[in-house]
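# Overview (structure and organization)
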Amino acid sequence: QVQLEETGGGLVQAGDSLTLSCKGSGRTFSRYTVGWFRQAQGPDRSFVGSIIRNDGDTIYADSVKGRFAISRDNAKNTVYLQMNNLKPEDTAIYYCAADSSNMISHLATAYASWGQGTQVTVSS
């Protein structure tokens, strides 16, 4: 497992931008696929996007395509979620998750490690 910590959440207005960080500790960070999920209401965490281990390909949920971007700096053991043109429906607790195995990155159940979450609130 890798230990993860999300930072960067806060209160913003619709149309604003915000960047979240997910910092991990452990083995070489490039070996880990990192996913971003969000939890608005209820127990389910919805897929936001992911960056795949080794090759670095990114995948995004349809609801955020064109607005959100994921990048990573393996030297800093950090993955970023850049969120642009935020909408009230983006309000949620945002979590990062990581896994070093060959897994399906949009499934929350596939990840072995999770951060504690950071709150993003978007006002109208």
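The structure contained in this document is the topic of the report that follows. (Residues numbered from 1 in each chain as written. Predicted model: local features only at pLDDT ≥ 70, side-chain atom pairs only at ≥ 80, totals over all residues. Heavy atoms only, no water.)

## Some points on the side chain of R72
Take R72: it is sitting in strand β7 (residues 68-73). For R72, which is buried and forms no salt bridge, the nearest opposite charge comes from D55, at a distance of 7.6 Å. Only 3.0 Å separates the side chain of R72 from the backbone oxygen of Y32, close enough to count as a polar contact. Of note is the side chain of R72, whose polar atom sits 2.9 Å from the side chain of N74. Ignoring any residue separated from it by four or fewer positions in sequence, one finds R72 in contact with F29, S30, Y32, V34, I51, I52, R53, T78 and V79. (Helix = DSSP H or I, 4+ residues; strand = E, 2+ residues; numbered from the N terminus. Buried < 20%, exposed > 50% of the residue type's maximum accessible area, 1.4 Å probe, protein only. Lys, Arg positive; Asp, Glu negative; His and termini not counted. Salt bridge = Lys/Arg side-chain N within 4 Å of Asp/Glu carboxyl O. Polar contact = N/O pair within 3.5 Å; in protein donor to acceptor, adjacent residues only side chain to side chain. Contact = heavy atoms within 4.5 Å.)

## Quick look at the packing of aromatic side chains
The tally for this structure, following the rule as stated, stands at six aromatic pairs. Centroid distance F37 to W114: 5.2 Å. Interplanar angle 50°. Geometry classified as tilted. Of this pair, F37 sits in strand β4 (residues 33-39) while W114 is found in strand β10 (residues 113-114), placing the two residues 77 residues apart along the sequence. A relative accessible area of 0% places F37 in the buried class. Taken together, the ring pairs connect F37, F47, Y95, Y111 and W114 into an aromatic cluster. Across the ring face of Y95, the terminal group of R45 is positioned such that the distance to the ring centre comes to 3.7 Å. We note R45 situated over the ring of W114; from NZ or CZ to the ring centre the distance is 4.8 Å. (Phe/Tyr/Trp six-rings, centres within 6.5 Å; stacked < 30°, edge-to-face > 60°. Lys NZ or Arg CZ within 6 Å of the ring centre and 35° of its normal.)

## Remarks on the state of the cysteines
What is meant by a disulfide is a covalent connection between two cysteines, made through their sulfur atoms. Counting across every chain of the model gives one disulfide. The disulfide partner of C22 is C96, and the S-S distance across this bridge is 2.1 Å. In this structure the cystine formed by C22 and C96 twists about its S-S bond by roughly 70°; its chirality is therefore right-handed. With C22 in strand β3 (residues 18-25) and C96 in strand β9 (residues 92-99), this residue pair connects regions lying 74 residues apart in the sequence. (Disulfide = S-S within 2.5 Å.)

## Description of the pattern of salt bridges
Applying the stated criterion across every chain, the model contains three salt bridges. Close ionic contact of K65 with D62 constitutes a salt bridge, the shortest N to O distance being 3.2 Å. Judged by its relative accessible area of 65%, D62 falls in the exposed class. The shortest N-O distance in the salt bridge between R67 and D90 comes to 2.8 Å. On the criterion of sequence distance, the pair formed by R67 in the loop between β6 (58-60) and β7 and D90 in the loop between β8 (78-83) and β9 is long-range, its members being 23 residues apart. According to the relative accessible area criterion, R67 is buried, its value standing at 10%. Looking at D90, the relative accessible area reads 1%, which means it is buried. In the salt-bridge network here, residues are joined through shared partners; they are R38, R67 and D90.

The analysis is restricted to geometry; functional conclusions fall outside its scope.
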